Amino acid sequence: MSQYHIKNLEEYFQVYRKSVREPEAFWGEIAEEHFQWKKPWEKVLDWDFTKPEVQWFQGAKLNITENCIDRHLHTRADKTAILFEPNNPDEAAQPITYRQLHERVCQFANVLKEKGISKGDRVCIYLPMIPELAISVLACARIGAIHSVVFAGFSATALATRVNDASCKMMITSDGSYRGAKTIDLKGIVDEALESCSCVENVLVAKRINSDIYMKKGRDYWLQPLLDAAHKNCTPEVMDAEDPLFILYTSGSTGQPKGMVHSTGGYMVYSAYTFKNIFQYQENDVYWCTADIGWITGHSYIVYGPLANGATTVMFEGVPTYPDWGRFWQIVEKHKINQFYTAPTAIRALAKENLSHVEKYDLSSLKVLGTVGEPINEEAWHWYNDNIGKKNSPIVDTWWQTETGGIMISPIPFATPTIPTFATLPLPGIQPCLMNEQGTELDGNPAHGRLCIKFPWPSMARTIWGNHRRYKDTYFTAFENKYFTGDGALRDQTGYYRITGRVDDVIIVSGHNLGTAPIEDAINEHPAVAESAVVGFPHDIKGNALYGYVILKETGEGRDHDNLRSEINQLITERIGPIAKLNKIQFTSGLPKTRSGKIMRRILRKIACDEGDNLGDISTLLNPEIVEQIKKEVV
Ligand code: PRX
């Protein structure tokens with residue numbers, strides 16, 4: 001990425017200006033110079049946000065795995081591509097070179113083909129952070145199958161919903177997973193999910209914890225013997241730049257998760273370009289992103305972005321707390337990590353522990369620190385800067401979304417001066433704007449409004465799987481001709497952006513996007529519950545935690561509230577996963593509603609945030625009297 005590899009602020013502005021003035025020339029040059037195409041494009045960009053329809057590198061042909069693996073074999077065959085660090089520090093780390101990765105991806109791809117998977121088929125991957133996860137993702141891409149990775153912390157019900165939504169033909173999982181001192185029965189969860197998924201024909205099972213599991217005859221296969229028997233070469237499928245590469249689900253304001261569909265060519269170009277600039281990766285660096293590949297951060301910045309740059313990318317199976325709170329820093333020292341990318345929630349949790357967990361280790365290899373997933377508070381930023389970066393490693397506060405495919409607003413290390421809590425400036429090619437609620441763009445600085453993007457970028461999601469209408473309604477109707485992010489943002493005097501949080505019914509808990517609707521649906525399934533409303537409130541470590549207001553049916557009244565609370569959380573765990581459990585549950589006799597019957601979450605949010613004395617005008621409510629009562633009952 002020499003041509004657009006930004007090294008100082010002046011270069012940033014030059015490159016940015018070009019990217020806005022001549023976007024097609026800009027992306028066309030990057031795409032041509034840095035990637036292998038089997039056939040060039042006829043047109044760089046075609047777009048219409050009213051439909052919405054966006055096409056990048058129209059007519060071009062490629063295979064992303066050739067760009068991520070094969071082309072490095074001439075120069076980097078023996079370089080480590082993926083460095084696997086197991087959950088247990090006593091188990092040896094496993095480096096996988098580019099040559100080995102090629103072989104393993106080809107073998108896996110051949111197994112997929114042998115089991116009837118072909119171009120366009122959907123394959124669900126429900127795996128822990130073991131090499132098979134990255135390899136299966138790449139194997140799908142090798143043959144043009146569309147991968148749908150589901151984070152292995154989701155419940156059987158949540159898994160089944162996602163499998164059915166995309167009509168996945170195959171499931172790839174493992175016998176179980178390690179998580180700190182615990183093991184999790186993943187195959188049991190898959191078996192339960194598949195009871196309601198008739199679309200899945202085969203299940204491939206990786207062996208990880210050697211547990212004794214049920215294998216359904218004719219459906220379930222151990223992976224290893226199939227891999228051992230598979231051919232070590234697999235011709236990459238020729239894909240159109242606009243062919244879907246993967247589906248990844250994200251929460252929305254209604255119950256059904258949204259299967260965001262990402263394209264092949266544009267996604268590759270943007271994830272690779274941003275990786276190079278944001279982490280300033282150099283040839284012998286070791287890069288570590290602590291995310292799970294079950295989220296977009298893992299897709300773009302553990303797998304595709306780093307590998308397209310021929311980087312060494314670390315995959316960590318474990319958790320920051322096992323065997324103790326020093327685990328992250330022990331890994332940094334052990335592998336001499338140069339770029340470290342994590343979430344504010346992890347930083348806050350680590351900052352609460354004794355500094356001796358950090359001081360024991362040599363962190364001098366670090367050059368760039370990153371954060372993603374939620375706003376980082378000032379205190380956490382300083383702790384990260386002082387104790388981990390020793391004030392020597394710039395912090396890149398990267399703002400982006402599952403939908404955007406890659407980082408959109410972020411400092412470029414050593415070029416953009418950082419300010420705590422500011423994601424700073426848009427990356428080249430990204431044209432953000434702030435809108436007021438009336439739909440007018442806010443010119444001038446400072447400004448505070450709803451964050452939109454007014455021009456397409458290569459890695460934007462193209463649609464929601466099976467529901468283009470919802471894609472349009474969710475992202476392109478609130479503001480004419482603009483992509484609406486769902487976030488609020490502030491732009492300061494100098495043009496720096498600071499993300500102020502979601503303005504819709506999505507709550508970010510420990511960096512995970514959670515829609516209130518599916519959680520309420522789960523609560524309402526409890527036989528004693530009549531109605532519920534979930535809001536967020538600030539939490540020291542999680543950023544936000546969940547507060548549920550629950551109205552009981554007559555039959556539920558008189559029941560022990562603590563028991564009910566744990567039953568409700570149990571239901572949420574079963575329907576969604578433990579990440580969506582409520583921190584507080586308040587039983588109440590009513591919820592504040594508008595005259596049209598909508599729950600006024602703004603009021604509930606204020607009460608949950610202990611700002612109940614400052615509710616503004618509530619006289620338009622259908623039932624203003626309920627507000628005082630709710631305030632009195634706060635837990
Ligand atoms: O609200 C923003 C927040 O996370 C949302 C996207 O979540 P998800 O699709 O799960 O992707 C997370 C990883 C890319 C955004 O709408 N968010 C993400 N990064 C930041 C952030 N909020 C503030 N600062 C960030 N750096």
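Just so it is clear, the model here is predicted, and its values are computed rather than measured.

Observations concerning the confidence of the model for the chain
The pLDDT averaged across the chain works out to 96; a share of 99% of its residues lies at or above 70. Helix α6 (residues 131-143) holds the highest mean pLDDT among the elements of the chain, 99, whereas strand β27 (residues 512-515) holds the lowest, 91.

What to know about the site of the ligand
The environment of the ligand is made up of 18 residues, and the closest members are Asp397, Thr398, Thr402, Asp487 and Arg502. A distance of 2.8 Å separates a nitrogen atom of the ligand from a polar backbone atom of Thr398. Those elements giving two or more residues to the shell around the ligand turn out to be α11 (296-308), β20 (395-398) and β25 (497-502). Residue composition of the shell around the ligand, grouped by class: 7 nonpolar, 6 polar and 5 charged.

Observations regarding the pattern of salt bridges
Overall, the coordinates contain 37 salt bridges when judged by the stated rule. A salt bridge links Lys61 to Asp240; the nearest nitrogen and oxygen atoms lie 3.2 Å apart. Pair noted here: Lys61 is in strand β3 (residues 61-62) and Asp240 is in strand β13 (residues 239-240), with a separation of 179 residues, a long-range link. Judged by its relative accessible area of 26%, Lys61 falls in the partly exposed class. Given a relative accessible area of 21%, Asp240 falls into the partly exposed group. Residue Glu531 is joined to Lys593 by a salt bridge in which the shortest nitrogen-to-oxygen separation is 2.8 Å. With Glu531 in strand β28 (residues 529-539) and Lys593 in the loop between β30 (584-588) and α19 (601-608), the pair connects residues that are 62 residues apart, well separated along the chain. A residue is classified by how much of its surface remains accessible, and Lys593, at 18% relative accessible area, is buried. One continuous salt-bridge network, built from bridges that share partners, spans Lys187, Asp191, Arg219 and Asp220.

Examining the sheet that holds strand β22 (residues 447-453)
With respect to topology, 4 strands assemble into an open sheet ordered β21-β22-β24-β25, the strand pairing being antiparallel. Both outer strands of the open sheet, β21 (432-435) and β25, are each paired with one neighbouring strand and no more. The sheet shows a mean angle of 45° between the axes of neighbouring strands, taken without regard to direction. Here β22 runs beside strand β24 (residues 483-491); their pairing, made up of 6 bridges, is antiparallel. Within the sheet, the bridge partner assigned to Cys452 lies in β24 and is Phe484.

Observations regarding the environment of Ile626
When you line up the elements, Ile626 lands in helix α20 (residues 625-632). For the pair Ile626 and His262, spaced 364 residues apart in sequence, the C-alpha to C-alpha distance is 45 Å. With residues up to four places along the chain from it excluded, the contact list for Ile626 reads Ser589, Gly590, Leu591 and Pro592.

A short note on the sheet that holds strand β19 (residues 368-372)
With mixed pairing, the 7 strands of this open sheet are ordered in space as β5-β4-β17-β16-β18-β19-β20. Edge strands, defined here as strands with exactly one partner in the open sheet, are β5 (94-97) and β20. Each strand of the sheet is rotated relative to its neighbour by a mean of 20°, with strand direction disregarded. As defined by bridge partners, strand β4 (residues 80-85) adjoins strand β17 (residues 312-316) across 4 bridges and the pair is classed as parallel. Of the residues in β17, the one forming a bridge with Glu85 is Phe316. Packed onto the sheet, helix α15 (residues 378-388) meets β18 (339-342), β19 and β20 and runs at close to 160° relative to β19.

Quick notes on the nonpolar core
For soluble globular proteins, the rule of thumb is that nonpolar side chains tend to be buried together. Residues Trp27, Trp37, Phe57, Leu101, Leu112, Phe279 and Tyr304 are the most contacted members of the largest nonpolar core, which totals 123 residues. Those residues within four positions of Tyr304 in sequence are excluded, and the remaining contacts are Ile64, Cys68, Val137, Leu138, Ala141, His147, Leu245, Phe246, Tyr267, Ser271 and His299.

Considerations on the packing of aromatic side chains
What the rule picks out here adds up to 44 aromatic pairs. Note on Trp37 and Phe57: the rings are 5.4 Å apart at their centroids and 45° apart in plane angle, and the pair reads as tilted. Note that Trp37 is positioned in the loop between α2 (23-34) and β1 (43-48) and Phe57 in strand β2 (residues 53-58), a separation of 20 residues in sequence. Like Trp37, the residue Phe57 is buried in the burial classification. Aromatic ring contacts, followed pair by pair, group Phe26, Trp27, Trp37, Trp41, Trp56, Phe57, Tyr270 and Tyr273 into a single cluster.

Side note on the packing of helix α7 (residues 156-165) against helix α8 (residues 186-194)
One can describe the packing of α7 onto α8 by two numbers: an axis separation of 8 Å at closest approach and a directional angle of 55°. Taken together, the axes of α7 and α8 are oblique relative to one another. Relative to α8, α7 is oriented so that their crossing is right-handed. Between α7, through Ala156, Leu159 and Ala160, and α8, the contact on the second element is made entirely by Ile189, Val190, Glu192 and Ala193. Considered class by class, the residues forming the contact of α7 with α8 number 6 nonpolar, no polar and 1 charged.

Things to note about the pairing of strand β6 (residues 122-125)
Here β6 shows a buried face lined by Arg122 and Cys124 and a second buried face lined by Val123 and Ile125. The sheet contact formed by β6 and strand β7 (residues 146-149) spans 4 bridges and is parallel. Across the sheet, Ile125 pairs through a bridge with Val149, a residue of β7. With 3 bridges joining them, β6 and strand β8 (residues 170-174) adopt parallel strand pairing. Across the sheet, residue Ile125 finds its bridge partner in β8, namely Ile172.

What about α2?
Between its first and last C-alpha, α2 extends 17 Å over 12 residues, near the 16 Å set by a 1.5 Å rise per residue. Every buried residue of α2 is listed here: Pro23, Phe26, Trp27, Gly28, Ile30, Ala31 and His34. Taken together, the buried residues of α2 touch α1 (9-21), β1, β2 and α10 (265-279).

Description of the packing of helix α5 (residues 98-114) against α6
Where α5 contacts α6, the two axes come as close as 8 Å, and the packing angle between them is 65°. Judged by the sense of rotation from one axis to the other, the crossing of α5 with α6 is right-handed. Contacts between α5 and α6 involve Leu101, His102, Arg104, Val105, Cys106, Phe108, Ala109, Leu112 and Lys113 on the former and, on the latter, Pro131, Glu132, Ile135, Ser136, Leu138, Ala139, Cys140, Arg142 and Ile143.

What counts and how
Residues numbered from 1 in each chain as written. Predicted model: local features only at pLDDT ≥ 70, side-chain atom pairs only at ≥ 80, totals over all residues. Heavy atoms only, no water. pLDDT = per-residue confidence, 0-100. Helix = DSSP H or I, 4+ residues; strand = E, 2+ residues; numbered from the N terminus. Near = heavy atom within 4 Å. Polar contact = N/O pair within 3.5 Å; in protein donor to acceptor, adjacent residues only side chain to side chain. Nonpolar A, V, L, I, M, F, W, Y, C, P; charged D, E, K, R; others polar. Salt bridge = Lys/Arg side-chain N within 4 Å of Asp/Glu carboxyl O. Buried < 20%, exposed > 50% of the residue type's maximum accessible area, 1.4 Å probe, protein only. Pairing = 2+ DSSP bridges. Axes fitted to C-alpha atoms, helices over the stretch in contact; angles between N-to-C directions. Contact = heavy atoms within 4.5 Å. Core = buried A, V, L, I, M, F, W, Y, C linked by side-chain atoms within 4.5 Å. Phe/Tyr/Trp six-rings, centres within 6.5 Å; stacked < 30°, edge-to-face > 60°. Parallel < 35°, antiparallel > 145°, perpendicular 65-115°, else oblique. Left-handed = near helix turned anticlockwise from the far one by under 90°. Expected span 1.5 Å × (residues − 1).

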